[in-house]
Structure formats: structure tokens, C-alpha cells
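One-letter residues, chain by chain:
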Amino acid sequence: MPLGGVIFITVFVAVFGCLCLYLGRLCGGKKYQDAVKLAPYECGIPGQEKKETRVSVKFYLTAILFILFDIEIIFMYPWATSFKEMMAAGIGAYALIAMMIFIAVFIFGLFWEIKSKALEWD
Amino acid sequence: MTADSFLFWLLAAVTLVSGLSVVLVSNPIYSALCLAMSMVGISALFATLGAYFIAGVQMIVYAGAVLVLFVMVLMLFDLKTELATFSRGKISGLIKIATVGTLAGFLAGAFSMSIEFMEKPATKTVVAEAGVDMSRNLGTLLFTKYILGFEALGILLLVIAIGVVGLARSKGGTHAKH
Amino acid sequence: MGSDAFEITVNCIKLVLVFLLMVQAVPILVWLERRGSGFIQNRFGPNRVGPLGLMQLLADAVKFLTKEEFSPKAATKLLFYAAPVFALIPGTLGFAAIPLGSPLKWGDYTFAIQGYDIGVGIVFILGVSSLAAYTILMAGWGSGNKYALMGALRASAQTISYELALGLSIVGIIMMYGTFNLSEMIAAQQGTMHFQAFGNTIATSWLPNWGIFYQPLAAVLFFAATFAESNRLPFDLAEGEAELVAGFHTEYGGFKMLLFFIGEYGHMMVASGLMATFFLGGYNIPYTTTEQVYQFFLGFVESANAASALTSLAHFIMFTVKLGIFLWIFIWVRWTLPRFRYDQLMDLGWKTMLPWALANTILSALVIFAVSHSW
């Protein structure tokens, strides 16, 4: 079972990364703290904290549409692996038509989204 | 303790600790990241059961899409600490006690049922390395037995897409104030 | 992982070696990138440190190590330090799942020349690649910098948009080979081109049996999507200097920055490895099958173990050559195309690549269905 290998290499890489960071801390130069240096970087000008930041809902829309289309793509994967088997078993045409209906719904959804300008980024 | 059971206990511990951290940690971003960790743990548990395709799909959809959405939205709204909402009163107290009691009953029932199963010798009826065969069976099943659910799912996803866009529009368009 | 202690130890060492291979390829890649960029731009790259400038990244690594260890005051310490460490994980997990050479038969054992052999290969690789979005988000949030956060959100929106095109462009290849397993896909691309059409076998001897001849559009779409996944030019607006300083890694310096770049080059290597596996026949030497190469080596050395080892070595070198071709194309494209504007980038992902990938899927399904019946 490859799961043991996956867990082993994940732990190994995490430990390696932490060791690298620790090495950097050990060998690091002299620490010099300054109020300006510690402030967030804004192209060298003193920080301008805007009290009102406009939050765009486009990120939310993009992420939700990504989830939906990702699920539809996931449904295509077992179909793709078993397509040749289903053709050999004689139900190939039926599987093809069923998947084409599904893809038609997918295409309709995608083109509706594009047309209704839900994915416009300006 | 065999390697399989050690792996199971390790993954179960990781999943449970992450799940507990979701509710116990105060920073909401940490909560979301702990939830992502528990999703990864569940995906690994699926892999120990031999359902490799579902494990991969769990990673792709849950840990890689849904929780990225959660984390993105949480970062957009600049929450430093969680809002404290604590309801008082007799009715809400009764509801809380009833809920905890029901949950405890479920847990006790699950424990007692699973002890029976653990005492039987485990028989693996699924070939462990048959990752692809299972997904081929899944594909064939999807198109023979569950074809209606499959098409209905496509339509459901379409409805969700249209609903999301409509919801975003009705709340003030694609530029919402903080 | 293996049935007895010897096999488990060898598999563990193999995993560590694959990881170290990925990490050690980074200095070579950086040298190639800097000299190659210089060559394209008609200037010298680094040529002072060591012969031909090969020691440049070693010197850079030592310099990074001796930088001050710094975190800004507004940073969330745990996330700020966890993000570079987490950056290594998706690339390594993905690269360890790609077959690098033909399996080595040593006595009774069969060792696959890859980190681990996953039955559902491509689904697993897509799953861990989608974890790369967390690196960007953790880095952007952990910096405590509003502009780093905006850069991180835009970069993660770009990453998830192109994951769709990535996942969808492969469906045609999966349909053709009927499996998720990368080793089986490579085994199906051996020898010269032959396929079944309308009940006859059509074979040509002057083309290798590679996936790129069956699915050229999918190859182009997949390769373009991997550029966006690794945040490489022309899709690297998230790191672009003009808009957001350095995007999500503005506040990072020293060795933490280097870990981000190891992660980015790791993604590039996974992308190149997948391109070689799906479309260029993986570790197969063109026009030959694995068995032919094994028999060839068996003619030289008498022991089956040594012949198997030589076969694996030859295939590994072939895979490295194919990997190098795609990595060079990554570097070449960097200085050929200008950077996309963000809305052009998102339009390309949603409105161009996704419909074309769908069209490719539909067309592949119809063609496979049509040729499997002898009309």
C-alpha cells in the first residue's frame, strides 16, 4: 500500500523544511529591529491604512464556480476509464449519449455564466 | 500491532485532533486550515479502506476546492477573532442539553456496535491494489444503476451555478462594501 | 511499502532519493534559467563563480543562509513560517508518483523506479497539486501585509481557474488508455504507432506510439495550464513587480524565499514529468519497447539482474532528456511572451481553455466510439 510511503515522505519533507528554516536562524546575521523595518512593506512609503477596503465578491464567485465545474470534471473520470470496457460490453452508445447529455448541461451552465458576465474581471 | 492498524490509529488521531481544533481554536483562519487537515486525514482513511479513487476525489474536491473557498472568503473578511455569541435562557439551555444528550447517545451506540465488529477477524474482501478496477466498476455502475442520479446531479450543479450568480447579483453586484 | 525489511528500507531510501533529486535539480535549473535567459537576451549569464558559473546557486544558497532571520511585526508567526515549509510538499508528493524508469527486477524483488506506485496516479497528482493554493494563501495572510494578501488571493484564484482546464484536458488521454495508472499509460505508448480502427489494425513504423499524435490539442491545453499552475510567465502576474511588488512573497527573504522557489521548480518538474508521461511516451526510448531494450542489454551482460539494471538506467536517462526538453521550453517561453493582464488571464482560463478542453473531450469520445465499430 503506497499510503505509508506518502506519509513517510510528507513527514520527511516537513522535517527537512523545518531544518532548513532552523539552519537559517542559526546562521542568520545580526538582528537589527527598527520600527520602519518591521512595518508592512508598501513600496517604501509610510503605511497608508485605508479604513474602508472594498471587498470584491468576484473571488467568491470564481471559487464557487470552480467547485461546481470541478465536480463535473470528477464525474467524467470514471466514465473515461470505463468507456472502452462499456463499449466492449455493448452499452457504449448508451453511455456515450448519457455523458453527452451531462456535458450538454455543463456547456449550458458554462455559457450561461459567460454570457451573464459572472466571470468578468476588470 | 500490525502496520495497517498502526496506520489507522495514526490517521484517526490526526483527523480527530484536527476536527477538535476546528472548534477549539479561536482564530478562524486556523480553524479552516485545521478543517483542511482533517479532510486530508479522511482522504487517507479512505485510502486505507481501498477506495483509492474516492480518496483522490476527496482531496481534489474537499481539500482542494471547498476549503480553498472557505479560506479565501475568510481572508477577504478581515476577522481577527471570532464573534462571541452566547445565548442564555431556559429554552436554549434545554435545547443544548438535549443536543448533547443525543450526541452522547449516538457515540455510545457507535462504540457498542463497533466493538462487536472489532472482535470479528477482519476479512478483506476487496483486493488492495485494485485502485483502477474499482473506478472502472464505479464508472460502469454510474451509467447502469445510478444513471438518473447522475443526470440529476448535473442539473443540480447547473441550478447551484445559476443560484450563486443570482445571489451575488441581488446582494449588490460584484463590488460589495466591506 | 514492502513485505520484508530489505524492501521497506530500499523503498524508503528511494523516496528520499526522489525528493533529493527534485531538490538537487533546482540548482541546475536555476543555472539553466539564468544562463539560458542570458543567451536569449544576448548577454552573459553568471559566469564568474565556478566553471561556466555552475557554482552560482551554491554561493547564493550560502548568502541566503547568512541573511537575517526576519519576520514583520504584523505577521502571524505560525503561518508565516509554515508557508515555505508547506511549499515543498505538493511538488514532492506529485513528483514521487511519476515513473522515472522501467521497473528493476533484482532477484525476487521488483522495484519500481518511482517514489511510490499509486493505482489512481493522475487523480492523486491532481489532488496534491490543488494543495498548492494553500501555500499561497498561508504566505499571503501570514505576512500581515494587505498587498501581499491581495496578491495571494489573485494568485490562488488564477491557480484554481486553471486547475479546471488541467483536469479536463486529460480526460481524452484517460479515455484512450482506459486507466489512471501512469505506468500502464507508459506501457501503452511503447513501440511504433499502431491502433485499431474500424476493425483493422493500422500501423506505421515511422512514428512512435506517443500520446501527442493522438491528442495534440490536449497536449497544448495541458501544457498551457501547467504554466498557470506553477505561476510561470506569462502567467506570473501574482509575482509581477509592477503591480504588487512581489505578490504573496513580498515579506519573505533569505532561505524562506529559496524554499518557495524550490516549490515552484518542483511544480515545474511535476508538470514536465506529466507532459512526458502523457504525451511523449514517458521513459520509453522512441520506436522501442521495454522488452526489446531488455533483450538488447541481455546480449551484453549475462546476468538478468544487471541487464534489468541497465534497462532501468537507459530508460531513466531517456526520461531525464524528455524532462529537460520541457523544462527548457518553460524557460524559453518565459522570455518569449509578455505577461498577461489579470483579466486577460482569467478570460483565457474560463472562456477559451475550458470550452476547447470540452470540445476535445467530446470529439475524442465520438472518435473513439466511431472507430471501435467495424462499420
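The coordinates are above.
Rules and cut-offs
- Residues numbered from 1 in each chain as written.
- Chains lettered and ligands numbered in written order.
- Predicted model: local features only at pLDDT ≥ 70, side-chain atom pairs only at ≥ 80, totals over all residues.
- Helix = DSSP H or I, 4+ residues; strand = E, 2+ residues; numbered from the N terminus.
- Buried ≥ 20, exposed ≤ 12 C-beta atoms within 10 Å, placed from the backbone.
- Contact = placed C-beta atoms within 7 Å.
- Nonpolar A, V, L, I, M, F, W, Y, C, P; charged D, E, K, R; others polar.
- Axes fitted to C-alpha atoms, helices over the stretch in contact; angles between N-to-C directions.
- Parallel < 35°, antiparallel > 145°, perpendicular 65-115°, else oblique.
- Left-handed = near helix turned anticlockwise from the far one by under 90°.
- Pairing = 2+ DSSP bridges.
- Core = buried A, V, L, I, M, F, W, Y, C linked by C-beta atoms within 7 Å.

1. A look at the overall build of chain B
Argument step 1. Within chain B one finds six helices and one strand.
Argument step 2. Scanning chain B from its N terminus toward the C terminus, one meets helices and strands in the order α-α-α-α-α-α-β.
Argument step 3. For chain B, with 178 residues in total, the buried portion stands at 26%.
Argument step 4. Intrachain contacts of chain B at a sequence separation of at least 6 include 57% that bridge at least 24 residues.

2. Considerations on the interface of chain C and chain A
Argument step 1. Between chain C and chain A, the residue contacts involve 65 residues of the former and 52 residues of the latter.
Argument step 2. Residue assignment for the side of chain C that touches chain A shows that the elements contributing at least two residues are helix H1 (5–40), helix H3 (77–96), helix H6 (146–169), helix H7 (171–177), helix H11 (255–279) and helix H14 (342–371) of chain C.
Argument step 3. With 13 residues, H14(C) is the largest single contributor of residues to the side of chain C that touches chain A.
Argument step 4. Taken together, the residues of the side of chain C that touches chain A sort by class into 41 nonpolar, 14 polar and ten charged.

3. Some details on the interface of chain B and chain A
Argument step 1. On the chain A side, the residues contacting the 44 residues of chain B number 42 residues.
Argument step 2. Mapped by element, the contributors of at least two residues to the side of chain B that touches chain A are helix H1 (3–24), helix H2 (28–48), helix H3 (52–76), helix H5 (131–144), helix H6 (147–170) and strand E1 (175–176) of chain B.
Argument step 3. Here the side of chain B that touches chain A gets 13 residues from one element, more than from any other, and that element is H6(B).

4. Points about the packing of helix H12 (residues 290–298) of chain C against helix H13 (residues 304–334) of chain C
Residue and element names in this part refer to chain C.
Argument step 1. At their nearest, the axes of H12 and H13 sit 9 Å apart, and the two run at 130° to each other. Judged on the interaxial angle alone, H13 and H12 are oblique. Helix-helix and strand crossings are classified by hand; for H12 and H13 the assignment is right-handed. Taken together, the residues of H13 that come into contact with H12 (itself represented by Thr290, Val293, Tyr294, Phe297 and Leu298) are Ala307, Ser308, Leu310, Thr311 and Ala314.
Argument step 2. Among the residues forming the contact of H12 with H13, the class breakdown is seven nonpolar, three polar and no charged.

5. A look at the packing of H1(C) against H11(C)
All names here are of chain C.
Argument step 1. Close contact between H1 and H11 brings their axes to 9 Å; oriented N to C, the two are set at 95°. Considering their axes alone, H1 and H11 lie roughly perpendicular with respect to each other. Listed contacts from H11 to Met22, Val23, Ala25, Val26 and Leu29 of H1 are Ile262, Tyr265, Gly266 and Met269.
Argument step 2. Grouping the amino acids of the contact of H1 with H11 by side-chain chemistry returns eight nonpolar, one polar and no charged.

6. Comments concerning the pairing of strand E3 (residues 192–197) of chain C
All names here are of chain C.
Argument step 1. Burial analysis of E3 places just zero of its six residues in the buried class, which makes it a mostly uncovered element.
Argument step 2. Relative to strand E4 (residues 200–208), E3 is paired through five bridges, and the arrangement is antiparallel. By the bridge assignment for E4, threonine 192 is matched with proline 208.
Argument step 3. Hairpin connection of E3 to E4: two residues between the antiparallel strands, including phenylalanine 198 at a positive phi of 55°.

7. A closer look at the nonpolar core
Argument step 1. Ranked by size, the top nonpolar core spans 182 residues in total, and within it C:Val123, C:Leu137, C:Ala152, C:Ala165 and C:Met275 carry the most contacts.
Argument step 2. If one sorts the elements of this core by residue count, helix H3 (residues 58–89) of chain A sits on top with 17 residues.
Argument step 3. When neighbours within four sequence positions are excluded, C:Ala152 is seen to be in contact with C:Ile136, C:Leu137, C:Ala139, C:Gly140, C:Trp141 and C:Phe248.

8. Structural notes on the environment of C:Gly247
Argument step 1. Considering the arrangement of structural elements, one finds C:Gly247 in the loop between helix H10 (241–244) and H11.
Argument step 2. Measuring from C-alpha to C-alpha, the distance between C:Gly247 and C:Gly266 comes to 19 Å, with 19 residues separating the pair along the chain.

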